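Working through the structure, step by step
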Amino acid sequence: MPDLYTSISRNPVGKMVTKKLGLPQPATLRRGRELPAGDIVLGTVGSGDIAARTLSLLGLNVTEALQDSSATDGSGELPAYDQKIGAIVLDATTARDLDDLEQVRALLRPALKAMGPSGRVIVIGVAPHKLTSVQGSAVCQALEGIVRSVGKEMRAGGTANLVQVADSSPAGIASTLEFLLMGRSAYVSGQPIRIGSDRHAQAPTTPAFADKIVVVTGASRGIGESIASVFARDGAHVVLVDVPAAGDALAKAANSLGGTALQLDITTPDAGRAIAAHVASRFGEDARIHAVVHNAGITRDRLLANTDAARWGSVLDVNLTAALRINDALLDPWVPGGLADGGRIISVASTSGIAGNRGQANYAASKAGVIGAVRALAPHLGDRRITVNAVAPGFIETEMTAKIPAATREFARRFNSVQQGGKPVDVGETIAYFADPASSSITGQVLRVCGQSQIGR
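Quick look at the structure, then. (Residues numbered from 1 in each chain as written. Predicted model: local features only at pLDDT ≥ 70, side-chain atom pairs only at ≥ 80, totals over all residues. Heavy atoms only, no water.)

**Thoughts on the overall build of the protein**
Heads up, the rule is: Think of it this way: any DSSP run of H or I at least four residues long counts as a helix, any run of E at least two long counts as a strand, and we number them from the N terminus. Throughout, radius of gyration means the C-alpha value; the globule benchmark is 2.2 Å times the number of residues raised to the power 0.38. Any two residues having at least one pair of non-hydrogen atoms within 4.5 Å are treated as being in contact. To measure how exposed things are, a 1.4 Å probe is used in the Shrake-Rupley method; for residues, cover is taken only from the protein chains shown. Charged residues are defined narrowly, with Lys and Arg counted positive, Asp and Glu counted negative, and His plus the chain ends left uncounted. By convention, charge coordinates are those of NZ in Lys, CZ in Arg, CG in Asp, or CD in Glu.
When you go through the protein residue by residue, the secondary structure sums to 15 helices and 13 strands. In terms of overall size, the protein behaves like a compact globule, its C-alpha atoms giving a radius of gyration of 22 Å where 457 residues would be expected to give roughly 23 Å. Dimensions of the protein, computed from C-alpha atoms along their principal axes, come out at roughly 70 × 55 × 40 Å. Nonlocal contacts in the protein, meaning residues at least 24 apart in sequence, comprise 75% of its contacts between residues at least 6 apart. Accessible surface, the protein: about 19,500 Å² in total, of which carbon and sulfur atoms supply 53%. Charge separation in the protein, taken as the distance between the mean sites of 45 positive and 41 negative side-chain charges, equals 6 Å.

**Brief notes about the sheet that holds strand 3 (residues 85-91)**
Put simply, the rule reads: In short, DSSP must find at least two bridges between two strands for them to pair. Fitted lines through C-alpha atoms serve as axes, helices being fitted only where they are in contact, and the angles separating the N-to-C directions of these axes extend from 0 to 180 degrees.
Ordered in space as 2-1-3-4-5-6, the six strands form an open sheet in which the pairing is parallel. In this open sheet, the two edge strands, each paired with only one partner strand, are strand 2 (63-64) and strand 6 (192-195). Two strands pair when backbone bridges link them, and strand 1 (residues 39-44) and strand 2 are joined in this way by two bridges, in the parallel orientation. Along strand 2, the bridge assignment pairs Val41 with Thr63. The strands touched by helix 6 (residues 134-153) within the sheet are strand 4 (115-126), strand 5 (159-165) and strand 6, with strand 5 carrying the most contacts at an inclination of about 160°.

**A word on the nonpolar core**
Keep this limit in mind: In this text, buried Ala, Val, Leu, Ile, Met, Phe, Trp, Tyr and Cys residues form a nonpolar core when linked through side-chain atoms within 4.5 Å. To sort residues, take the accessible area from a 1.4 Å probe on protein chains only and compare it with the maximum for the residue type: under 20% means buried, over 50% means exposed, and anything in between is partly exposed.
One finds Val89, Ile124, Leu181, Phe231 and Ile431 to be the most contacted residues of the largest nonpolar core, which totals 57 residues. Once residues within four sequence positions are removed from consideration, Phe231 is found in contact with Phe209, Val214, Ala236, Val238, Val293, Ile431, Ala432 and Ala435. Counting 39 residues, the second largest nonpolar core, distinct from the first, contains Ile213, Val241, Leu331 and Val335.

**Brief notes about the environment of Ala276**
Mapped onto the secondary structure, Ala276 falls in helix 10 (residues 271-283). Separated by 50 residues in the primary sequence, Ala276 and Ile326 have C-alpha atoms spaced 9.5 Å apart. Setting aside chain neighbours within four positions, we find Ala276 in contact with Leu330, Val335, Pro336, Gly337 and Gly338.

**Section: the side chain of Arg448**
What counts here: Salt bridge, as used here: a side-chain nitrogen of Lys or Arg that lies within 4 Å of a carboxyl oxygen of Asp or Glu. Here a polar contact is recorded for every N or O atom pair within 3.5 Å, except that within protein the pair must consist of a potential hydrogen donor and a potential acceptor, and residues adjacent in sequence are included only if both atoms are side-chain atoms.
Note that Arg448 resides in strand 13 (residues 446-449). Buried charge without a partner: Arg448 forms no salt bridge, and the closest opposite charge is Glu144, 9.9 Å away. Here the side chain of Arg448 touches Ser453 through a polar contact of 3.3 Å, landing on its backbone oxygen.

**Comments concerning the packing of aromatic side chains**
Heads up, the rule is: Here the aromatic set is Phe, Tyr and Trp, taking the six-membered ring for Trp, and pairing holds for ring centres within 6.5 Å; pairs whose planes are under 30 degrees apart are stacked, those over 60 apart are edge-to-face, and all others are tilted. Two conditions define a charge located above a ring, namely a distance within 6 Å from the ring centre to NZ of Lys or CZ of Arg, and an angle within 35 degrees of the ring normal.
Taken as a whole, this structure holds four aromatic pairs when the rule is applied. Relative to Phe415, the ring of Phe411 has its centre 4.6 Å away and its plane inclined at 25°; by these criteria the two rings are stacked. Every member of this aromatic cluster is reached through a ring pair, and the members are Phe179, Tyr433 and Phe434. When the ring centre of Phe283 is taken as origin, the NZ or CZ atom of Arg282, which lies over that ring, is 5.1 Å away.

**Structural notes on the packing of helix 3 (residues 50-57) against helix 7 (residues 170-181)**
Heads up, the condition is: Under this scheme an angle from 65 to 115 degrees is roughly perpendicular, one under 35 degrees roughly parallel, and one over 145 degrees roughly antiparallel; angles in between are oblique. Each residue receives one of three labels: charged for Asp, Glu, Lys and Arg, nonpolar for Ala, Val, Leu, Ile, Met, Phe, Trp, Tyr, Cys and Pro, and polar for the others, Gly being one of them.
Two elements in contact, helix 3 and helix 7, have axes separated by 9 Å at closest approach and are oriented at 75°. Taken together, the axis directions place helix 3 and helix 7 in an arrangement best described as roughly perpendicular. Contacts between helix 3 and helix 7 involve Ile50, Arg53, Thr54, Leu55 and Leu57 on the former and, on the latter, Pro170, Ala171, Ile173, Ala174, Leu177 and Leu181. A per-class count over the contact of helix 3 with helix 7 returns nine nonpolar, one polar and one charged.

**Observations concerning the side chain of Ser453**
Inspection of the secondary structure puts Ser453 in the segment after strand 13. The contacts of Ser453, once residues within four sequence positions are left out, are Phe415, Asn416 and Arg448.

**Points about the pattern of salt bridges**
Applying the stated criterion across every chain yields a total of 17 salt bridges. Ionic pairing is found between Asp234 and Arg33, a salt bridge with its closest N-O pair at 3.3 Å. Highlighted residues: Asp234 in the loop between helix 8 (222-233) and strand 8 (237-242) and Arg33 in the loop between helix 2 (12-20) and strand 1, separated in sequence by 201 residues. For Asp234, a relative accessible area of 5% corresponds to the buried category.

**A look at the sheet that holds strand 11 (residues 339-348)**
Pairing is parallel in the open sheet, where seven strands are placed in the order 9-8-7-10-11-12-13. Either end of the sheet is taken by a strand with one partner, and the two such strands are strand 9 (260-263) and strand 13. Neighbour-to-neighbour, the strand axes of this sheet turn through a mean angle of 20°, independent of strand direction. In this sheet, strand 13 lies alongside strand 12 (residues 387-393) in parallel orientation, the contact comprising four bridges. Within the sheet, the bridge partner assigned to Ala392 lies in strand 13 and is Arg448.

**A short note on helix 9 (residues 247-257)**
Put simply, the rule is: This arc corresponds to the set of directions leading from the helix axis out to the C-beta atoms.
Along helix 9, the positions that sit buried rather than exposed are Gly247, Leu250, Ala253 and Ala254. Looking straight down helix 9, one finds its buried side chains confined to an arc of 130°; they lie on one side. Seen from the buried face of helix 9, the exposed residues on the opposite side, beyond 90 degrees, are Asp248, Lys252, Asn255 and Ser256. Among the structural elements, helix 8, strand 8 and strand 9 are those in contact with the buried residues of helix 9.

**Remarks on helix 7**
Going by this rule: Take the number of residues in a helix, subtract one, and multiply by 1.5 Å to get its expected span.
Between its terminal C-alpha atoms helix 7 stretches 15 Å, which fits the 16 Å expected from twelve residues at 1.5 Å a residue. With twelve of its twelve residues buried, helix 7 lies for the most part within the structure. What helix 7 keeps buried is the set Pro170, Ala171, Gly172, Ile173, Ala174, Ser175, Thr176, Leu177, Glu178, Phe179, Leu180 and Leu181.

**Considerations on a nonpolar patch on the surface**
We apply this condition: Each patch is assembled from residues with relative accessible area greater than 30% and no salt bridge, linking like charges that lie within 9 Å and nonpolar side chains (Val, Leu, Ile, Met, Phe, Trp, Tyr) that lie within 5 Å.
On the surface, a nonpolar cluster with roughly 270 Å² of combined accessible area is contributed by Phe411, Phe415 and Ile455. Inspection of the secondary structure puts Phe411 in helix 14 (residues 406-414).

Printed below as a string of structure tokens:
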């Protein structure tokens, strides 16, 4: 259900009044596996061709982007597309000179003028730290500034994101390009995504998780249930984990998704082995987990000056320590029902762990700790082709956020580029993108699912 303000602003009379008052105009976001309604246009800065080859691999037809030349020929006329477009994919992988940034502007300007609802701007570049040239690094870093700014200029639910590649393999970026073009990325904007090198990279397939086992903690309701639902939709055998007190809701969720329920307190020292034992018992001794999603979490908000050891420790234990212990157990290659080689570990962090939040020092510590753990663990699992990533949700419409005081809640909803709160499915879709077997080139990443919230970076 949309929030009250969004409902009012979408009513013809309410839309007219809120527009005249200069108030936000939240758009209906395109979600799910739906591609843009309008044309996907392709622009190239220099001689790069990875975007063209990747779009071809995905079976997507493209049209050539128009380029604004008014700045050089003095005509003052902007070339116009025949109709609204759905997306522009801009290949800037060979951009190294400052003059190349003018071409970025010239290609983006006509496209932005013609962008339809829930449009997409995707710029593909190279990570600045991969270059030795000072000017080349500056140009590649400038692309991030452009994308973050364009994300804040997009209208009607549009988003802009940057993909930074390490090599020229289309298979390595195919899952990312597909995710960003689809409605699955509705609440992801203004974000850089780094793609590493992986000779095992493969193109996306449908369904992505056929016959694969996925474990989701904190799965009885809210974001956790939505995460499990996305995996089930895409063919996974889902194991839903939650505390015994949530047993009825957990069983209901598992039954509705055709999954299995495991009542478990994840803070117990042997929780990881209990999960592995459940998988081996349910699916066979040779079964292995494809992805484990650490979603379970709690808040115990209070100003640090008023936070005692129990309130502090309980949040750290559930949100961080438990996940680290579970990883240790599931990563043991000799444990039946453990994590498979080529598997995925995805943790739910938070924008609070990036920017902090008043009264949430314990929660922010735990979520920042999640981010640190992801970045530290990822390099050590490359030989097993296991990737480790995290999502950092911003304001998501859940039972928990519904309890936030009205003024604070409304501010959080509007203080982002799409001017509305996200949905639990937005988190689920992003996690499924990380877990996709085709996303093997992505590890050590923390991707914000926040509608480009103005909080933090």
